[in-house]
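Coordinates in review
Each chain, letter by letter, is given below.
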Amino acid sequence: MKLLMLVLAILYALAETAITPIPQHYSYDKKLAQLGKILFFDPNLSSDRTISCASCHKPEFAGADNKPVSLGVGGQKGDLNSPPVYNAVFNFAQFWNGRAETLEEQALGPLHNPKEMNMTDTLILQRLDNDFYKEQFKKAYGTNTITIPRLVKAIAEFERALTTPNSKFDRFLRKEENLSANEFKGYLLFKRLGCITCHNGVNLGGNSFQKIGAVVPYPGPTPHDRYEVTHDPKDRGVYKVPTLRNIALTAPYYHDGNITTLQEAVEKMCYHNLGFTLEPIEQSYILDFLHTLTGQQPAILQEQ
Amino acid sequence: MSTLRRNLQLFLLFFLGGVGIFLFWLYESSTQEFFKTRSTISKEIDHLFHKELFLNYEVLKSSFFLYHSYDALTSIQKEIETLLQALASSKIITQDKKTKEVFERYNAIMQAKLNAVEEFKRYNAMIKTSVTYIITLLHKIPQNILQDRKKSRYVLNLIGDILFSKNSLDTDFLPSIKENIELLKPFATKKPTDFLSRLILHATLFERSFAQYKQTVDTIMDKKSLYTLQRLESVLAEYFKYHHHKLQKLLHLLLFFYLVLLLMISYFIYRLHQENQRLEKLKTKFRHFSITDDLTGLYNRRAYKQDIRKYKKPFFALVDIDRFKHYNDFYGNKVGDHILRQCAKLLQNHIPKKFDFRLYRLGADEFGILIEEHDHIDADAFAKMILDIFKRNKIRFKNIELAISVSIGMSKKRPLIETADMALRSAKNSPYKKYALFDPRSNYFTKIKENLKRSKIIQEAIEQDNLLPFFQAIISNTTGAIVKYEALARIYVDGKYESIYPYLPLAKEMGLYPQITKTILAKSFEAVQKVQKPISINLAMNDIENPEILNYLGELLERHPQLTSFITFEILESETLKDYRAVQNFISILKAKGIQIAIDDFGSGYSNFAHIFNLDIDIIKIDGSLIQQLPTNPNAKKVVQTIHNLAKEFGIETVAEFVSDEKIFEEVKKIGIDYSQGYYLEKPKKLI
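This is a predicted model, so every value here is computed, not measured.

1. Quick notes on the overall build of chain A
Looking only at helices and strands, chain A has 14 helices and 2 strands in total. The long-range share in chain A, meaning contacts at least 24 apart out of those at least 6 apart in sequence, stands at 69%.

Written as structure tokens, this is what we have:
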């Protein structure tokens, strides 16, 4: 038993940091991002002029919203919980099932989705055909010709700017600040209990597809899962592992938005994907740790 | 070489040049493309090789460590995918069948591998979650189990086997794991916090998924992909070798082509050179023709004009064949040409070589000799030498000896031809001289100047009405009374009146003569009207033949019919009467109007007595040159006497002109001439 403990200790020590801080300065094209910002907040990009990108990806909810599923044009309900746009740039794929490789690809999805913004390319160009946007495009691209690829590129560039660096945990990783005892205990538990096997990397997630309910099956439906993309039966109920960055701000949780609190999310995740129930004290440590993942609001949002 | 053929050749050259440029371009772009493609594809394959090794490394790392970030793995996955896409779209792989086949095999393996990586992530998460959890669970191992030897052995065996399996990636221990799970199961309770049930749950999860986990790792680690990549590399190497060979062939073709082209161009240049030489010769020939006289082979006037500019101190002699026209007319052109050729030959062969001379044929029968006068040339000696040549060498034509002589005009003063021509004319006009040198001091140029000045004076005199008749009294030799006046035209020049006589030849040339005649006629009539005295007016033969003047005269006579009895017309006899009938007619018309007719300058050399006396004239004015000789020349006296006697026979009165002194006047009276006029008696003056 002693030997076993030693072997395990060595293994722990060898493990390099599985989580990396968000870069403090992530470069992006400022001119394009400024245009993207305007577009991102413009409800004219939805058919009934009620919904903008920001309607479902709100700054106050770290680029997500507070509804189980987001509302599109005409108050239509979507099928999935809105994923946070903050730090989306660090995800290896976009959408819950990862069907978009890039931010640019992703941006067109909601625009064209009849349940979301319900637009056609023609209608988009018609809406933007005015002096204001011509001037904005001129500033960004040097030409006032508006095209869909240019629009999408600008939005994606804005999203690249939506990073939340300098969370307490990142500062801890950079050895600039210490975690509190409880937070640190939570971090260790996060590792010991195996949360980290899926929630790793810069985004604590967003770099693999995993099955919800890997140990104990998840009771709810799993619409638009990975299977939709690969048609591999093994991919049923499989989603992109969501990021835990700013997780305290992005309630409700899970793909269906049925989990309203973070505490519940942790409890259910432990049960379904790790096959055990946390003790209350362990749960509180983990919650303390998760709260250290809240970063700064993106700088671009402060700018005028 | 015909133009068509030359054009064809040129076209061929241009065409071949175009082909050459095209071939070069083809080679250049092919080579560039070849090396670019080769380097790109090599780089891509190299990258793939390394990325795959890195992927394997990341997978192993991820499986080895209990937890590890998937970020690196994810980015390598993406990089590999991008590289595969780039390769798939590369030209060689899409075009070359063999390469395509190998690549497709490789791509399939790699796609399977990438899928396996995704699967790995999932199994890895499960395996590691369970292992991690089991290790963490050890913290919570209950006392009762530690104290129970059997249970503790089962637990340790189970955990040991799990760790052994995971760290050795060996499925051989799975039966042992399963056995231990089964052995532990009876001791587990249903409580979720129960140690054993939790251990059994995760051990079971591990036992169930480990085989698949191992399989995915094996799939990823499989070296088949790397071997296939190596195969792809060797297939590409073959492909490149083949294409390199092709490029070399193209290069050889290109070089050969350029060689051919070079030879062709050399050939054309050679041909062009030949052509140029031919043209140069032709040009010289043409030049020669253009400056040579056909007949004699001497230089022509054009050559002279070109040459003369080069001379600094020219001596020029114009040799003219005397009476050449006569020979031409008399013996025909053939002989004329013969003479010209012979003359040319004589001059060419006999002028001493010490004169650096050039010979020209300048006109029909005129030869020019141009010499640069380095040393003084004695013109007289030179001319004599030329004359001597013609004297010593007789020109014959079919045994007929032609007595050819020449006249020579020489000049050292530009314009040479003109001045030499003047000298030549002066020589020809003289019965003694055969040659002359133009004298720059002669009045040639002043004459020209004078002519210009006089032309201007005449022009102005007419324009400004500076012409008028003066009148000279004609006196009766018996009574001494003035019986008549002769109108003499005067021109007003520089504040005084001059005789118009020196101006008349110019006026004739300028076509102003009729105008002058008309003015004098009008003013004479005016004078007659005013003074109501008889007046004699001069008319030249030209005037009588000129309809303009006749009309004008007719008008004057019609306007002043009362004056006709006062008028006498003196017809100048110094010219031959050309149209005798017209003159006769004219005279009879005037006579009918009561006008008297006189013949002027009678006896001056032209007089045709028969004609004169047949005309119905009233007066004869005996020529002044005869009258002036009366005191000195007995012959003149006889001639005058005869004229006078003859006139008396025909009932014609006589007038003596130029009576300039008493002696002449006495002689005139002695002969019995009716009237006299002259400076001795009265000078011409204005009447009005």
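After that view of the structure, there is still more to cover.
2. With respect to the overall build of chain B
The number of helices and strands found in chain B is 24 helices and 16 strands. Taking contacts inside chain B between residues at least 6 apart in sequence as the whole, the part at least 24 apart equals 66%.

3. Describing the environment of L158 of chain B
Residue and element names in this part refer to chain B. Along the polypeptide, L158 turns up in helix α6 (residues 149-168). Each C-alpha atom, one on L158 and one on L183, is 9.8 Å from the other, the two residues being 25 residues apart in sequence. Discounting residues that sit within four places of it in the chain, L158 has contacts with I177, N180, I181, L184 and A203.

4. Observations regarding the confidence of the model for chain B
Residues and elements named next belong to chain B. Summary statistics for chain B give a mean pLDDT of 87 and a share of 97% for residues scoring 70 or more. Looking at the elements of chain B, mean pLDDT is at its lowest for helix α21 (residues 609-614), recorded as 72, and at its highest for strand β16 (residues 675-676), recorded as 94. Predicted complex, confidence summary: ipTM 0.78, pTM 0.57.

5. Brief notes about the pairing of strand β15 (residues 653-656) of chain B
Residue and element names in this part refer to chain B. Summarising the sheet, strand β14 (residues 619-622) and β15 pair through 4 bridges and their orientation is parallel. Looking across to β15, one finds that K621 is bridged to V655. Relative to β16, β15 runs parallel, the two sharing 2 bridges. Residue pairing for β16: A656 is matched across the bridge by S676. The parallel pair β15 and β16 is bridged by helix α24 (residues 662-671), and the resulting crossover is right-handed.

6. Considerations on the interface of chain A and chain B
Quoted interface sizes are often the accessible area lost when the parts come together. Opposite the 30 residues of chain A that make contact, chain B presents 25 residues. Broken down by secondary-structure element, the contributors of at least two residues to the side of chain A that touches chain B are α1 (2-14), α9 (181-192), α10 (195-198) and β1 (209-211) of chain A. Its residues placed into classes, the side of chain A that touches chain B shows 17 nonpolar, 10 polar and 3 charged.

7. Here we look at the nonpolar core
Ranked by internal contacts, the top residues of the largest apolar core, which has 80 residues, are F190 of chain A together with I134, L158, I162 and A203 of chain B. It is helix α4 (residues 97-137) of chain B that provides the largest number of residues to this core, a total of 15 residues. Excluding residues that lie within four positions of it along the chain, A203 of chain B makes contacts with I134, L158, I162, I177 and I181 of chain B. Counting residues in hydrophobic clusters, the runner-up holds 61 residues, among them Y513, F525, I664 and F665 of chain B.

8. Some points on the packing of helix α17 (residues 513-531) of chain B against helix α19 (residues 547-559) of chain B
All names here are of chain B. Contact pair α17 / α19: the axes reach a minimum separation of 10 Å and the direction vectors enclose 10°. Taken together, the axes of α17 and α19 lie roughly parallel to each other. The crossing of α17 and α19 is right-handed. Across the interface between the two elements, P514, T517, K518, L521, A522 and F525 from α17 touch E548, I549, Y552, L553 and L556 from α19.

9. Here's the deal with the confidence of the model for chain A
For chain A, the mean per-residue pLDDT works out to 90, and 94% of the residues sit at or above 70. Under a pLDDT of 50 for its full length, residues 10-15 of chain A has, in the predicted model, 6 contacts with residues more than four places off or in other chains.

10. Focus: unusual backbone geometry
Residue and element names in this part refer to chain A. The omega torsion across A251 and P252 is -10°, close enough to zero to call that bond cis. On the secondary structure map, P252 appears in the loop between β2 (238-240) and α12 (262-274). Positive phi, normally seen in glycine, also occurs at L204, with a value near 45°. Of note, L204 is situated in the loop between α10 and β1. Of the residues examined, L204 has 27 C-beta atoms within 10 Å and is grouped as buried. Phi is positive for Y254, which is not a glycine, with a value near 70°. Inspection of the secondary structure assignment puts Y254 in the loop between β2 and α12.

11. Examining the pairing of strand β8 (residues 467-476) of chain B
All names here are of chain B. Of all the 10 residues making up β8, 8 are buried; the element is thus mostly covered by neighbouring parts of the structure. As paired elements, β8 and strand β9 (residues 482-493) share 9 bridges and run antiparallel to each other. Residue pairing for β9: F471 is matched across the bridge by A487. Counted along the chain from β8 to the antiparallel partner β9, the turn is 5 residues long, and its residue G480 has a positive phi close to 80°. Where β8 lies against β16, 2 bridges are found, and the strand directions are antiparallel. Paired with S476 across the strands is Y675, a residue of β16.

12. A few points about the sheet that holds strand β3 (residues 366-372) of chain B
All names here are of chain B. The mixed open sheet is built from 5 strands, whose spatial order is β2-β3-β1-β6-β7. Two strands in the sheet have a free side with no partner beyond their single neighbour: β2 (357-361) and β7 (435-437). For this sheet, the mean inter-axis angle between neighbouring strands, taken without regard to orientation, is 15°. Pairing analysis gives 7 bridges linking strand β1 (residues 314-321) to β3, with the strands arranged antiparallel. Bridging from a neighbouring strand, D320 pairs with E366 of β3. Packed onto the sheet, helix α13 (residues 379-392) meets β1, β6 (406-411) and β7 and runs at close to 155° relative to β6.

13. Topic: the packing of helix α1 (residues 3-64) of chain B against α4 of chain B
All names here are of chain B. It is at 11 Å that the axes of α1 and α4 come closest, and there the two elements cross at 10°. Taken together, the axes of α1 and α4 lie roughly parallel to each other. Residue-level inspection shows L55, V59, S62 and S63 of α1 in contact with α4, the latter providing V117, F120 and N124. Of the residues belonging to the contact of α1 with α4, the class tally is 4 nonpolar, 3 polar and no charged.

The rules behind each value
For every chain, the first residue of its written sequence is number 1, and the numbers climb from 1 along that sequence. The naming scheme follows written order: chains are lettered A onward, ligands numbered 1 onward. This being a predicted model, a pLDDT of at least 70 is required before a residue's local features are given, and a value of 80 or more before pairs of side-chain atoms are given or counted; all residues contribute to the totals for chains, interfaces and linings. Strands here are runs of E lasting at least two residues and helices are runs of H or I lasting at least four, both read from the DSSP assignment and numbered beginning at the N terminus. Any two residues are considered in contact once their C-beta atoms, placed from the backbone, lie within 7 Å. pLDDT expresses, on a scale from 0 to 100, how confident the predictor is about each individual residue. For two strands to be treated as a pair, DSSP must find no fewer than two bridges joining them. Here the term right-handed applies to a crossover when the path leading from its first strand over the helix to its second strand runs clockwise, the strands being oriented away from the viewer. Residue type decides the class: Asp, Glu, Lys and Arg count as charged, Ala, Val, Leu, Ile, Met, Phe, Trp, Tyr, Cys and Pro as nonpolar, and the leftover types, Gly among them, as polar. We define a nonpolar core as a collection of buried residues of the types Ala, Val, Leu, Ile, Met, Phe, Trp, Tyr and Cys that are connected via C-beta atoms lying within 7 Å of each other. Residues with at least 20 neighbouring C-beta atoms inside 10 Å of their own are called buried, those with 12 or fewer are called exposed, and the rest are partly exposed, where every C-beta is derived from the backbone. All axes here are fitted lines through C-alpha atoms, helices being fitted over the stretch that makes contact, and every angle between N-to-C directions spans 0 to 180 degrees. Here roughly perpendicular refers to angles of 65 to 115 degrees, roughly parallel to angles under 35, roughly antiparallel to angles over 145, and oblique to all remaining angles. Each crossing gets its hand from how the near helix is turned against the far one by less than a right angle, where anticlockwise is left-handed and clockwise is right-handed.

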